[in-house]
Amino acid sequence: MPSKSAQMRIDNAVDPEEWVDRYGDYLYGFAVSRLRNETAAEEVVQETFLAGITALHQFAGQGSQRGWLMGILRRKVIDYMRDRSKHQHVKSLDQEYDPTAHLFDENGRWKDGALPVIHSEQMIESDELWQIVKECLSRIPTRQADVFVLSVVEGMDNEKICQQLEISVTSLWTRLHRARLGLAKCVGSKWFVGAGGRKHE
């Protein structure tokens, strides 16, 4: 049974029946940008609303109700990523698509015409460029894209990423490294213009 003050906060909060209309698009947009999959985004948003209804008595009222739901959604997104990482049986894209093969020769040197790695800070400076990055995230292996999103977009530290996704530090660094290389290749082919005035393909 919630305390009197907690009950007052609940009474002043938005009715859960209005959550979809008020917050649905915002939460869905956030989930899609992180999971890069519309079905998955719908699923975690629905789970967020259900969890919010169940835990409504815990809403502290110190921030907005939307912010409180966002906190739940962030945890649901990470749970989904962890589950996806564990149960993805595709042979993997990690094995079949190695972006390093496009950029380095057998001696580890840059191939002629290969693009240098783009620093994440540079990639998110421009809205247009960020749209290209998001598109490219959907083209690299899911497990690589997930760690990139958590590290660069969410700003989560490496130890926490390893804990949340239940992976080793070595696996994290490997995925992050390959993600950056894959993004460099993809973003470069869509963004940078060569000396001849045409985009690299």
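The rules behind the values
- Residues numbered from 1 in each chain as written.
- Predicted model: local features only at pLDDT ≥ 70, side-chain atom pairs only at ≥ 80, totals over all residues.
- Heavy atoms only, no water.
- Helix = DSSP H or I, 4+ residues; strand = E, 2+ residues; numbered from the N terminus.
- Buried < 20%, exposed > 50% of the residue type's maximum accessible area, 1.4 Å probe, protein only.
- Contact = heavy atoms within 4.5 Å.
- Phe/Tyr/Trp six-rings, centres within 6.5 Å; stacked < 30°, edge-to-face > 60°.

**Here's the deal with the overall build of the protein chain**
A tally of regular secondary structure across the protein chain gives 11 helices and zero strands. Listing each helix as α and each strand as β along the protein chain from the N terminus yields α-α-α-α-α-α-α-α-α-α-α. Taking all 201 residues of the protein chain together, the buried fraction comes to 41%. For the protein chain, restricting intrachain contacts to residue pairs at least 6 apart in sequence, the fraction spanning at least 24 positions comes to 67%.

**A few points about the packing of aromatic side chains**
Under the criterion given, the structure shown has three aromatic pairs. Judged by centre distance (6.4 Å) and plane angle (65°), the rings of W19 and W68 are edge-to-face. Placement of W19 in helix α2 (residues 19–35) and of W68 in helix α4 (residues 65–87) is noted, with a sequence separation of 49 residues between them. For W68, a relative accessible area of 18% translates into the label buried. With a centroid separation of 5.4 Å and an interplanar angle of 55°, the aromatic rings of F59 and W68 are classed as tilted. Summarising the burial analysis for this pair, F59 and W68 share the class buried. Following the ring pairs from residue to residue traces out a cluster consisting of W19, F49, F59 and W68.

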